[in-house]
2 protein chains.
Amino acid sequence: MDGRRDVGILAMDIYFPPTCVLQEALESHDGASKGKYTIGLGQDCMAFCSEVEDVISMSLTVVTSLLKQYKIDPKLIGRLEVGSETVIDKSKSIKTWLMQIFEECGNTDIEGVDSSNACYGGTAALLNCVNWVESNSWDGRYGLVVCTDSAVYAEGPARPTGGAAAIAMLIGPNAPISFERRYKASHMAHVYDFYKPNLASEYPVVDGKLSQTCYLMALDSCYRQFCNKYEKLAGEQFSVSDADYFVFHSPYNKLVQKSFARLYYNDFMRNCSYVDNEAKEKLQPFSNLTVEESYQSRDLEKASQQVAKHLYDIKVGPSTLLPKQIGNMYTASLYAALASVVYDKHGSLDGQRIVMFSYGSGLTSTMFSLKLNNGQHPFSLSNIASALNVTEKLQSRHMTLPDKFVETLKLMEHRYGAKEFETSKDTSSLPAGTFYLTRVDSMYRRFYDKKADEEIATGKARYSNGYANGHHH
Amino acid sequence: MDGRRDVGILAMDIYFPPTCVLQEALESHDGASKGKYTIGLGQDCMAFCSEVEDVISMSLTVVTSLLKQYKIDPKLIGRLEVGSETVIDKSKSIKTWLMQIFEECGNTDIEGVDSSNACYGGTAALLNCVNWVESNSWDGRYGLVVCTDSAVYAEGPARPTGGAAAIAMLIGPNAPISFERRYKASHMAHVYDFYKPNLASEYPVVDGKLSQTCYLMALDSCYRQFCNKYEKLAGEQFSVSDADYFVFHSPYNKLVQKSFARLYYNDFMRNCSYVDNEAKEKLQPFSNLTVEESYQSRDLEKASQQVAKHLYDIKVGPSTLLPKQIGNMYTASLYAALASVVYDKHGSLDGQRIVMFSYGSGLTSTMFSLKLNNGQHPFSLSNIASALNVTEKLQSRHMTLPDKFVETLKLMEHRYGAKEFETSKDTSSLPAGTFYLTRVDSMYRRFYDKKADEEIATGKARYSNGYANGHHH
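## Describing the overall build of chain A
Regarding its fold elements, chain A presents 15 helices and 19 strands. A compact globule built from 473 residues would reach a C-alpha radius of gyration of about 23 Å, and chain A, at 22 Å, matches this within 12%. Counting only C-alpha atoms, chain A reaches 70 × 60 × 40 Å along its principal axes. Split into buried and exposed, the 473 residues of chain A put 66% on the buried side.

In structure tokens form, the structure reads like this:
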């Protein structure tokens with residue numbers, strides 16, 4: 001196909017709100033037993049949007065930042081699509097807000113809209129974008145995929161599983177992170193594990209226990225089909241020893257630990273050669289469980305996590321940095337986990353394979369495989385790592401007290417779906433170059449401004465003019 | 001690309017609710033001047049969902065019908081995606097409800113989710129699906145695209161521009177309706193012409209005047225770029241004389257009349273050779289208008305419609321049947337218009353070209369080109385026409401009095417986003433094989449049943465079992 005090889009991710013950038021709360025502090029604030037969130041959920045910290053940020057502002061910030069960091073002319077973007085499950089408008093896509101960046105330079109010929117199904121929308125957008133580059137309608141320009149979400153929950157056990165972030169990924173051929181196209185399997189089904197039927201509320205309806213089982217069932221189904229397809233095409237058995245990293249959608253880290261152990265248990269049941277005698281012995285008592293029983297057995301969970309621990313630390317550990325520090329970012333979670341691996345391991349990824357598992361409640365799920373190479377500047381793994389700048393971004397955050405977090409969520413309950421209000425416009429905690437919400441008018445139109453870039457002395461922002469409300473004069 | 005030629009639409013089916021109201025009756029009910037809806041909007045009749053139907057039930061109905069009519073094994077579907085702007089759940093995609101049909105036969109490996117941006121989501125889904133077939137990840141199976149919407153408006157001038165329908169399209173290579181891939185241009189921008197920021201309400205916020213101007217501006221921009229690309233690739237000028245049919249997204253017929261006249265005016269300004277001296281004379285007075293003035297001039301509107309009339313009747317008229325009879329079907333509108341052409345002209349379409357214009361407020365728009373051939377049974381134009389069965393479907397509808405229509409919309413205002421209610425389960429007006437909503441439980445879970453197929457004596461429906469609520473036991 002005229003030299004279109006190695007289609008995939010050329011560049012990445014991530015933005016997450018600087019406002020966050022420590023899970024340990026939240027535990028004592030909520031009167032939860034010590035370790036319930038930090039060990040029980042496996043989470044360290046949770047980012048959240050203050051009243052001046054939302055999924056639109058975060059995506060404006062991350063797209064602007066990606067274009068700037070990699071010096072991409074906005075005219076070279078031929079497709080832009082967004083994955084999100086945070087609904088600010090039920091008809092107008094987030095993509096149309098992002099068009100402001102491209103209209104400025106006269107580029108309005110940009111395909112793509114928003115893809116939606118819970119946390120899976122970003123994967124749908126990414127797969128769509130890769131297909132576009134490989135299709136006859138590709139015109140040689142870059143694709144751009146944005147995942148943006150704010151995960152908030154009503155007071156109760158799910159609240160500490162929130163988070164917020166936006167990720168942008170540039171798509172094209174000759175990518176350092178490319179797709180092994182035929183190694184891909186999906187599992188899609190109709191379930192009510194997590195959904196948002198209460199339209200007036202930002203909070204979902206969640207059946208936590210059911211959602212976890214659905215996640216593991218989908219994982220089993222995808223893995224089974226993934227292995228089948230791999231074995232058909234590659235002519236040899238697939239097991240977890242055939243990938244260098246496994247990156248899972250991460251609602252909370254504990255489920256990621258369970259998921260990798262579940263793959264190990266699958267490999268044990270499939271009699272994979274790398275499973276040693278000691279592990280076999282420990283898992284033997286569970287070899288006769290029915291599938292249904294295997295999802296419920298706490299003993300199996302413990303035993304499989306124990307025997308998989310040494311591999312988990314190597315193959316999964318590096319992907320858990322951002323999800324543990326930020327929390328569930330819904331569509332962005334899986335790609336924040338991928339970004340964590342690239343950031344941490346960029347020097348040693350050349351030639352390696354990463355297997356990804358994307359899950360969205362409702363449910364939709366896909367397992368797919370990425371092949372890494374060092375790439376060429378600016379689209380090199382080392383440049384992606386430096387653009388991601390994870391350590392500095394994490395270190396410059398502002399730890400908020402649980403009271404303030406709860407107060408913010410209370411305020412946002414009134415702001416959700418509301419009109420005619422101004423925000424505090426307080427940008428003191430925001431990094432330079434961050435977009436923020438200033439007001440929503442009587443027609444629900446949203447106005448954003450941009451905190452000046454570091455190098456700009458005067459504070460005149462770009463999207464504060466009359467055009468920003470999208471009203472043609 | 002290994003023989004993947006002529007990728008496009010292999011088969012189509014349409015479902016629209018049998019409940020509808022005559023625009024003439026609505027005019028007098030509303031106390032509107034005679035002809036305001038019938039001539040002013042150009043509409044004859046408007047379909048609407050009664051309390052037992054919604055976008056989920058309509059899409060279950062149309063997918064089941066398509067698979068049955070074209071004898072497609074559900075296992076042969078490898079991708080299923082939905083375009084819709086009617087939000088019943090903000091997280092769980094409509095696609096997941098449709099998975100019930102495929103889970104029954106063990107096929108859960110089906111990519112794709114929902115695409116959303118106002119009336120454009122169906123086009124996004126269709127373009128994605130065609131790209132998939134042309135990409136390296138295609139596995140030889142069919143794609144399936146579903147457009148499903150219910151357009152309802154608050155009391156006022158926009159209310160008669162409602163409608164409801166679901167369309168299903170089967171996608172694959174060697175299609176009778178295939179894409180001319182490089183003849184495609186998009187215009188995307190940030191505007192607030194029509195949007196749904198009031199999350200608790202099913203009704204949109206609409207600026208009718210702005211939306212019409214945005215539509216025409218987007219049309220101009222797409223047409224300009226479409227012509228540029230065509231001229232670059234084909235080496236000759238493009239004008240409306242180069243396509244046999246033009247199919248427009250149709251919020252109401254009057255805008256379609258204006259749109260075709262606008263293309264004609266574009267051709268006049270571009271000095272296209274087919275524009276005769278008489279037309280030139282009539283349009284000459286408007287040749288010095290600024291672009292902005294040209295959108296506002298009623299005289300230009302009249303003059304261009306008049307000179308374009310003879311071509312409108314031939315090139316646009318055949319596409320207007322279903323949109324005039326059903327109303328705005330949002331994502332399904334453009335494809336109902338295409339179905340109208342196929343239904344009416346299937347015997348003479350071989351070798352012809354249809355140019356499509358898709359518009360979704362907010363805004364996203366694309367102009368693209370289709371090439372027709374007779375095809376091979378069951379994927380032939382004549383078989384598609386017979387499966388569509390438009391005349392019989394239209395004739396077997398139940399005209400409802402305006403009072404009953406208004407009463408239904410009032411009831412639905414309370415039902416929207418509600419839980420814990422049962423519907424009337426009155427299926428007397430529904431065709432055999434139609435899915436319908438029976439109840440929504442205290443957890444907002446929706447239950448559907450199916451009216452027995454004609455050939456089935458016993459009335460046991462398929463989706464009334466415990467599994468239908470998507471709750472795994």
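From this point, the narrative continues.
## Some details on the interface of chain A and chain B
The interface is formed by 82 residues belonging to chain A together with 82 residues belonging to chain B. For the pair chain A and chain B, the two sides together bury roughly 7000 Å², of which 53% comes from carbon and sulfur. Its largest share of buried area at the contact with chain B, chain A owes to Lys90(A), His190(A) and Tyr192(A), together 12% of the area lost on that side. Our count for the chain A to chain B interface comes out at four salt bridges. For the pair chain A and chain B, the interface holds 55 residue pairs in polar contact (both at pLDDT 80 or more). Sorting the residues of the side of chain A that touches chain B by element identifies helix H4 (94-103), strand E5 (114-116), helix H5 (121-134), strand E8 (177-188), strand E9 (194-195) and helix H6 (208-234) of chain A as the ones contributing at least two each. In terms of residues, the side of chain A that touches chain B owes the most to one element, E8(A), which gives seven residues. Per-class residue counts for the side of chain A that touches chain B are 32 nonpolar, 29 polar and 21 charged. Of the pairings in the sheet, the one linking E5(A) to strand E5 (residues 114-116) of chain B comprises three bridges and is antiparallel in character. Note that in E5(B) the partner of Ser115(A) across the bridge is Ser115(B).

## Examining the relation of the copies chain A and chain B
Rotating chain A by 180° and translating it 0.0 Å along the rotation axis places it on chain B, where the RMSD comes to 0.0 Å. Those values place the two copies in the arrangement expected of a two-fold rotation axis. Both copies share a contact surface, since 100% of the interface residues of chain A are interface residues in chain B too.

## Focus: the pattern of salt bridges
Close approach of charged atoms lets side chains of opposite charge pair. Applying the stated criterion across every chain, the model contains 50 salt bridges over all chains. As a salt-bridge pair, Lys229(A) and Asp109(B) come within 2.7 Å of each other at their nearest N and O atoms. Note that Lys229(A) is positioned in helix H6 and Asp109(B) in the loop between helix H4 (94-103) and E5, a pairing that runs across two chains. A relative accessible area of 9% means that Asp109(B) is categorised as buried. Of the charged contacts, one joins Glu407(B) and Lys404(B) as a salt bridge, the two residues approaching to 3.9 Å between their closest N and O atoms. Of this pair, Glu407(B) and Lys404(B) both sit in helix H15 (residues 402-415), three residues apart, roughly one helical turn. By relative accessible area, Lys404(B) is classed as partly exposed at 45%.

## What to know about the confidence of the model for chain A
Scored by pLDDT, chain A has a mean of 95; 95% of the residues are at 70 or more. As a predicted assembly, this complex carries a pTM of 0.96 together with an ipTM value of 0.95.

## Comments concerning the sheet that holds strand E2 (residues 19-22) of chain A
All names here are of chain A. The three strands are arranged E3-E2-E16 in an open sheet whose pairing can be described as mixed. Among the strands making up the open sheet, the edge pair consists of strand E3 (45-47) and strand E16 (398-399). Of the strand pairs in this sheet, E2 and E16 are connected by two bridges, and their pairing is parallel. Along E16, the bridge assignment pairs Cys20 with Met399. Where helix H1 (residues 23-30) meets the sheet, it contacts E2 and E3, and its direction lies at approximately 65° from that of E2.

## Observations regarding the sheet that holds strand E17 (residues 421-422) of chain A
Residues and elements named next belong to chain A. In spatial order, the strands read E17-E18-E19; together these three strands make up an open sheet with antiparallel pairing. Two strands close off the open sheet at either side, each with one partner strand: E17 and strand E19 (446-450). Bridge count between strand E18 (residues 435-440) and E19: five bridges; the pairing is antiparallel. The partner of Phe435 across the bridge, within E19, is Lys450.

## Quick notes on the packing of helix H7 (residues 253-269) of chain A against helix H10 (residues 298-315) of chain A
Residues and elements named next belong to chain A. The contact between H7 and H10 brings their axes to 8 Å, and the two run at 95°. Relative to H10, the element H7 lies roughly perpendicular. Counted together, Asn253, Lys254, Val256, Gln257, Lys258, Phe260, Ala261, Arg262, Tyr264 and Tyr265 of H7 and Leu300, Glu301, Ser304, Gln305, Val307, Ala308, Leu311, Tyr312 and Lys315 of H10 form the full contact between these two elements. Split into classes, the residues belonging to the contact of H7 with H10 amount to ten nonpolar, four polar and five charged.

## Considerations on the packing of H5(A) against helix H5 (residues 121-134) of chain B
Remark: H5(A) packs on H5(B), axes separated minimally by 8 Å, with the N-to-C direction vectors making an angle of 60°. When the axes of H5(A) and H5(B) are compared, the pair comes out oblique. Crossing angle aside, the handedness with which H5(A) passes H5(B) is left-handed. Where H5(A) approaches H5(B), its residues Asn128(A), Asn131(A), Trp132(A) and Glu134(A) are matched on the opposing element by Asn128(B), Asn131(B), Trp132(B) and Glu134(B). Here the residues of the contact of H5(A) with H5(B) sort into two nonpolar, four polar and two charged.

## Observations regarding unusual backbone geometry
All names here are of chain B. Looking along the chain, the bond that leaves Gly362 and enters Leu363 is cis, with omega of 0°. Within the secondary structure, Leu363 sits in the loop between strand E12 (353-360) and strand E13 (364-372). Here His377 and Pro378 are connected by a cis peptide whose omega angle stands at 5°. Within the secondary structure, Pro378 is located in the loop between strand E14 (375-376) and strand E15 (379-380). At Glu420, a residue that is not glycine, the phi angle is positive and equals roughly 55°. Taking the relative accessible area as the measure of exposure, Glu420 reaches 59% and is therefore exposed. With a phi angle near 55°, Lys425 is a residue other than glycine that sits in the positive phi range.

## Some points on the pairing of E13(B)
In regular strands, side chains alternate between the two faces of the sheet. Residue and element names in this part refer to chain B. Burial within E13 is extensive, with eight of its nine residues counted as buried. By the bridge criterion, eight bridges tie strand E8 (residues 177-188) to E13 in an arrangement that is antiparallel. Looking at the pairing, Phe179 lines up with Leu370 of E13. Strand direction decides the pairing type here: E12 and E13, joined by eight bridges, are antiparallel. Within E13, the position partnered with Ile354 by the bridge is Leu370. Linking E12 to E13, which pair antiparallel, is a turn of three residues; within it Gly362 sits at a positive phi near 125°.

## Regarding the packing of aromatic side chains
Using the criterion set out here, one finds 38 aromatic pairs over all chains in the structure. Ring geometry for Tyr192(A) and Trp97(B): centres 6.0 Å apart, planes at 75°, overall edge-to-face. A residue pair is termed interchain when its members come from two chains, as with Tyr192(A) in the loop between E8 and E9 and Trp97(B) in helix H4. Take Tyr192(A) and Trp97(B): they sit in the same class, and that class is buried. Their ring planes at 75° and their centres at 6.3 Å tell us that Tyr223(B) and Phe238(B) sit as a pair that is edge-to-face.

## With respect to H4(B)
Among the ten residues of H4(B), ten are classified as buried, and the element is accordingly described as predominantly covered. Turning to H4(B), its buried residues are Ile94(B), Lys95(B), Thr96(B), Trp97(B), Leu98(B), Met99(B), Gln100(B), Ile101(B), Phe102(B) and Glu103(B).

## What to know about the side chain of Ser178(A)
By the secondary structure assignment, Ser178(A) is in strand E8. Not counting the four nearest positions on each side in its chain, Ser178(A) is found in contact with Asp6(A), Val7(A), Gly8(A), Ser369(A), Leu370(A) and Lys371(A).

## Focus: the pairing of E18(A)
Residues and elements named next belong to chain A. Taken across its six residues, E18 has five buried, putting it largely inside the fold. Pairing of E17 with E18 involves two bridges; the strand directions are antiparallel. Its bridge partner lying in E18, Glu422 is registered against Arg439. In textbook terms, the turn of a hairpin is the stretch between consecutive antiparallel strands, and for E18 and E19 this stretch comprises five residues, one of which, Tyr444, has a positive phi near 70°.

Thresholds, definitions, all that
Residues numbered from 1 in each chain as written. Chains lettered and ligands numbered in written order. Predicted model: local features only at pLDDT ≥ 70, side-chain atom pairs only at ≥ 80, totals over all residues. Heavy atoms only, no water. Helix = DSSP H or I, 4+ residues; strand = E, 2+ residues; numbered from the N terminus. Rg over C-alpha atoms; globule rule 2.2 N^0.38 Å. Buried < 20%, exposed > 50% of the residue type's maximum accessible area, 1.4 Å probe, protein only. Contact = heavy atoms within 4.5 Å. Buried area = accessible area lost by both parts, 1.4 Å probe. Salt bridge = Lys/Arg side-chain N within 4 Å of Asp/Glu carboxyl O. Polar contact = N/O pair within 3.5 Å; in protein donor to acceptor, adjacent residues only side chain to side chain. Nonpolar A, V, L, I, M, F, W, Y, C, P; charged D, E, K, R; others polar. Pairing = 2+ DSSP bridges. Least-squares fit on C-alpha atoms with pLDDT ≥ 70 in both. pLDDT = per-residue confidence, 0-100. Axes fitted to C-alpha atoms, helices over the stretch in contact; angles between N-to-C directions. Parallel < 35°, antiparallel > 145°, perpendicular 65-115°, else oblique. Left-handed = near helix turned anticlockwise from the far one by under 90°. Phe/Tyr/Trp six-rings, centres within 6.5 Å; stacked < 30°, edge-to-face > 60°.

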